[in-house]
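# What the coordinates show
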Amino acid sequence: MLEPIGNQYVVARPVYSANAFAEEHKKKDRHHKTLLDHLKLCCRCSSRKVKEIVFSLLPIASWLPGYKLKEWLLSDIVSGISTGLVAVLQGLAFALLVNIPPAYGLYAAFFPVIVYFFFGTSKHISVGPFPVLSMMVGAAVVRLAPDDGISTDPSNNSTGDSLTDKRIMVAASVTFLTGIIQLAFGILRIGFVVIYLSESLISAFTTAAALHVVVSQLKFMLQLTVPAHTDPFSIFKVLESIFTQIRKTNIADLVTSVIIVLIVFVFKEINERFKAKLPVPIPIELIVTVIAAGLSYGCNFQQRFNVSVIGKMEKGFQAPAAPDTQVFQDAIGDCFTIAIVGFVVAFSVASVYSLKYDYRLDGSQELIAFGLGNILTGSFKGFAGSTALSRSAVQESTGGKTQVAGILSSVIVLIVIVAIGFLLEPLQKSVLAALALGNLKGMLMQFAEIGRLWKKDKYDCLIWIMTFIFAIVLGLGLGLAASVAFELLTIVFRTQFPKCTTLANIGRSNIYKNRKDYSDMYEPEGVKIFRCPAPIYFANIGFFKQKLIDAIGFSPLRILRKRNKALKKIRKLQKRGLLQVTPKGFICTADGVKDSDDEELDNNQIEELDQPIDTTDLPFQIDWNADLPLNITVPKISLHSLILDFSAVSFLDVSSMRGLKSLLKDFVRIKVDVYIVGTDDDFIEKLSRCQFFDDEVQDSIFFLTIHDAVLHILMKKDYSASKFNPHQEKEGKFDFIINTNGGLRNREYQGLSSGLKHKYSKSKIKSIYMVYRNQKPEYQHSS
């Protein structure tokens, strides 16, 4: 019965153990689905299921019919043009990182966007070349198609060069196999692995990737020749190569880069501050590209200042070709790493935008989209793509609402490929690099997360820092693996060393809190309440035992062994007739008994001491907390009941079950009653299946709540109000019983002292939430 009284509530119910509750409230017979049931459900066909499958495999079918033409089209057009131009520029630049002619970078910027438009689930990322991924592909290309002393300029578009053709084929084959791996992962629904990437990890990883982009663009900004690296410490090797050649810097390229970066930063800030007043963001990338290309052509920068430009570009597409299966065998490891890094980078960036704009991503569908995109790109001799951080930032910051902006950007790339590519021939490569850097501001500003995370959660802050360090030092491939491993290690660490606490009653109510946190606390005499806030398994069962022993102040196994040793000595004295029992205790007529506590014991003796204490052969009972015969000492303990709060313990494994059962048996054998509270029915059922219970550890130790167990203990130890003598007990204990254990009957009320009657009126007692007659103690406990 639940009865509200103002801002308080009054509850009337019996004290429930798990068994008593199960007897009074019968559970429903539920049918739990088997694997066969799930298979039948998957194979069942219906119109609704067909619709769900179509929407899952073709996300465009779910969002395109709801496209707001008047509200979104203009923004998507502006975003698509801006993103398309950046995609063209980045495709040209990143092709150089793959060590193939720039025109092939346009293929990598075109085909994935078409596929992603139909199969992707993110509304804001721009799919295509990514510098780090391009460097990884380039490393595989150089390894499988080495120079062999032939000087080859990757910007030379001549298809007659055998080395260039071989490198193009290697890049295409690596991309094709990468797509197959991603598609297989998507079909097998392995996209769920992204749930192991926390927000802190994603933030740090994308920030580190942004720094990799910055370093990768420095050689174009300074016009230096820097070899590609993808192994650990690669970023430092690139920086070393740059600084050793710093005197060879082309000043014209450097000045151009700095000016472009500053202009882009300024206009980005203007777009951000005045986005409410501007009808559309200022397409600064488009403006500076047109101006830079015009100035370079009009002033002949290539001849006058020896700057590096894009150079000659061929029109149209290359014919599709089958991949080289030998490359599959030689580059399987590279392809696997490229597939994982490409997906994680794209999903990390997409996650940032999905959180910002509140829509759902499907990791497995993203794998399918990227896999199909890379397969198509590899067939047309492009190279593997993901999403460039800067290009996605352009698509989002210029007002892109959906992937319509992406498809429009691919139209721009298509126009450049088939018609106007020659207009970009005089454009400096340093302009491409500067535009890439100018759009990384948002990602680089994520360094501010460190301070915020430090204040909120130290573990998340540590994950951020270590992820960033791993990704910078080890590279994105190994860095990601190390980061995920470290993140999972922090979870293991938190559960392996949980913050166990000792609880006590607060406010004379049914509320129990950490006794160190509050002053007005009440602990029933001889009762300890211990809380474990984590699962108990093989890695932390030892820690759990030690924390429990520290909380109660003694080891039950040590007490058990001490008592069994003492029992052996008492038996010897009793058999020799040297021991007499009086109402005041033991009288030993011998001068002393040899103390063998320090004697070394063999295994059989230790096992004997670990057995239950058996005094049935003695003509008397032993009070272990009283004085024992001379030279027989056993530690005295005041604890008679231990409550384990397992409300936060979600599971036990087999190893921890053995350890817990052994611990409970030790307590039972020294006459300490143990109660476990807060567990659900599945927890108890699992213990039953694993044969956890026996004659010593019974299922009657489970209670619904801490308060149920405490009231049961008080009644069992005759602390209930019906047998309570208020003249001999402290008022604090009586307060607790009155407020938690129910009212007294009339004859008991009349027997109270005048002081207690004044403090607790008869009407007050009658309004107490539990009536004593409903509190029937259960004596089925093993002890």
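Structure shown above.
Criteria and thresholds
Residues numbered from 1 in each chain as written. Predicted model: local features only at pLDDT ≥ 70, side-chain atom pairs only at ≥ 80, totals over all residues. Heavy atoms only, no water. Helix = DSSP H or I, 4+ residues; strand = E, 2+ residues; numbered from the N terminus. Buried < 20%, exposed > 50% of the residue type's maximum accessible area, 1.4 Å probe, protein only. Areas by Shrake-Rupley, 256 points an atom, 1.4 Å probe, with all protein chains shown as cover. Expected span 1.5 Å × (residues − 1). Polar contact = N/O pair within 3.5 Å; in protein donor to acceptor, adjacent residues only side chain to side chain. Contact = heavy atoms within 4.5 Å. Salt bridge = Lys/Arg side-chain N within 4 Å of Asp/Glu carboxyl O. Patch = residues over 30% accessible without salt bridge, like charges linked within 9 Å, V, L, I, M, F, W, Y side chains within 5 Å. Axes fitted to C-alpha atoms, helices over the stretch in contact; angles between N-to-C directions. Parallel < 35°, antiparallel > 145°, perpendicular 65-115°, else oblique. Nonpolar A, V, L, I, M, F, W, Y, C, P; charged D, E, K, R; others polar. Pairing = 2+ DSSP bridges. Right-handed = clockwise from strand over helix to strand, strands pointing away. Core = buried A, V, L, I, M, F, W, Y, C linked by side-chain atoms within 4.5 Å. Phe/Tyr/Trp six-rings, centres within 6.5 Å; stacked < 30°, edge-to-face > 60°. Lys NZ or Arg CZ within 6 Å of the ring centre and 35° of its normal.

Here we take up the overall build of the chain. Along the chain, the regular secondary structure elements total 32 helices and 13 strands. Relative to its 783 residues, the chain shows a buried fraction of 50%. When the accessible surface of the chain is totalled, it reaches about 38400 Å², and 58% of it is carbon and sulfur.

What follows deals with helix 15 (residues 332-357). With 26 residues, helix 15 should reach 38 Å at 1.5 Å per residue; the first-to-last C-alpha distance of 37 Å fits that figure. Positive backbone phi, approximately 60°, marks D358, located one or two places after helix 15.

Position of S410 relative to the elements: it lies in helix 18 (residues 404-420). A polar side-chain atom of S410 sits 2.5 Å from the main-chain carbonyl oxygen of I407. If we ignore the near neighbours within four places in the chain, the residues touching S410 are F110, V113 and I114.

Taken as a whole, this structure holds 16 salt bridges when the rule is applied. Its salt-bridge partner being K665, residue D694 comes within 3.1 Å of it at the nearest N-O pair. In this pair, D694 is assigned in the loop between helix 27 (681-689) and strand 13 (702-703) and K665 in helix 26 (residues 654-669), connecting sequence segments 29 residues apart. Since its relative accessible area comes to 27%, D694 is described here as partly exposed. A single salt-bridge network, built from bridges that share partners, covers K27, D681 and E685.

A word on a nonpolar patch on the surface. Side chains of V50, I53, V54, F55, L57, L58 and F118 sit close together on the surface and give an oily, nonpolar patch of about 530 Å² of accessible area. Considering each element in turn, the nonpolar patch owes the most residues, five residues, to helix 3 (residues 47-57). Residue placement: F118 occurs in helix 6 (residues 103-119).

Attention shifts here to the environment of Q698. Checked against the element boundaries, Q698 lands in the loop between helix 27 and strand 13. Residue class for Q698 comes out partly exposed when judged on its relative accessible area of 24%. Engagement of the side chain of Q698 in a polar contact is seen with the backbone oxygen of D695, the distance being 3.2 Å.

Here we come to the packing of helix 7 (residues 131-144) against helix 15. One can describe the packing of helix 7 onto helix 15 by two numbers: an axis separation of 10 Å at closest approach and a directional angle of 175°. On the basis of the axis angle, helix 7 is roughly antiparallel to helix 15. Together, L133, M136, V137, A140 and R143 of helix 7 and D334, T337, I338, V341 and G342 of helix 15 make up the contact between the two elements. Within the contact of helix 7 with helix 15, the residues separate by chemical class into six nonpolar, two polar and two charged.

Close contact between helix 5 (residues 69-97) and helix 19 (residues 429-438) brings their axes to 9 Å; oriented N to C, the two are set at 110°. In terms of orientation, helix 5 and helix 19 fall into the roughly perpendicular class. Contacts between helix 5 and helix 19 involve L89, Q90, L92, A93 and L96 from the first element and K429, L432, L435 and A436 from the second. Across the contact of helix 5 with helix 19, the residue classes tally to seven nonpolar, one polar and one charged.

The side chains of a regular strand alternate between the sheet's two faces. A large share of strand 11 (residues 641-645) lies buried, amounting to five of its five residues. Side chains S641, I643 and D645 of strand 11 all project onto a buried face; the interleaved residues L642 and L644 project onto the opposite face, where all are buried too. Here strand 8 (residues 527-531) runs beside strand 11; their pairing, made up of five bridges, is parallel. Pairing of K528 across the sheet is with L642, part of strand 11. Bridging between strand 11 and strand 12 (residues 673-677) involves five bridges; their strand directions are parallel. Each bridged residue has a counterpart across the sheet, and for S641 the counterpart in strand 12 is D673. For the crossover from strand 11 across helix 26 to strand 12, the handedness is right-handed.

Turning our eyes to something else, we now look at the environment of V473. Tracing the backbone shows V473 in helix 22 (residues 458-496). Placed 241 residues apart in sequence, V473 and P232 show a C-alpha to C-alpha distance of 6.1 Å. When neighbours within four sequence positions are excluded, V473 is seen to be in contact with P232, F233, S234 and F236.

Further remarks concern the side chain of H212. Structurally, H212 is set in helix 9 (residues 199-222). Polar side-chain contacts of H212 include one of 2.9 Å to the backbone oxygen of A471. If sequence neighbours within four positions are ignored, H212 has contacts with V132, S234, I235, A471, I472, G475 and L476.

We now examine the nonpolar core. Within the largest apolar cluster, 121 residues are counted, with the highest numbers of intra-cluster contacts made by F130, L389, L427 and L476. The element contributing the most residues to this core is helix 9, with 13 residues. For L389, the contacting residues outside a window of four places in its chain are F130, T206, A209, A210, V345, V349, L440 and M443. Membership of the second largest hydrophobic core comes to 37 residues, among which are A551, L644, L663 and L664.

Tallied over the entire structure, the rule returns 31 aromatic pairs. Arranged with centres 6.3 Å apart and planes meeting at 70°, the rings of F470 and F486 form a pair that is edge-to-face. Pair check on accessibility: F470 and F486 agree, each one buried. Taken together through their ring pairs, the aromatic side chains of Y104, Y107, F110, F111, F317 and F380 make up a single cluster. Between the NZ or CZ atom of K123 and the centre of the ring of Y359, over which it lies, the distance is 5.1 Å.

For helix 8 (residues 162-187), spanning 26 residues, the distance from its first C-alpha to its last is 37 Å, which sits close to the expected 38 Å at 1.5 Å a residue. Looking one or two places after helix 8, you find R189, whose phi comes out positive at around 60°.

Okay, unusual backbone geometry next. Positive phi values are uncommon outside glycine, yet Q223 reaches one of about 55°. In this fold, Q223 is placed in the loop between helix 9 and helix 10 (234-244).

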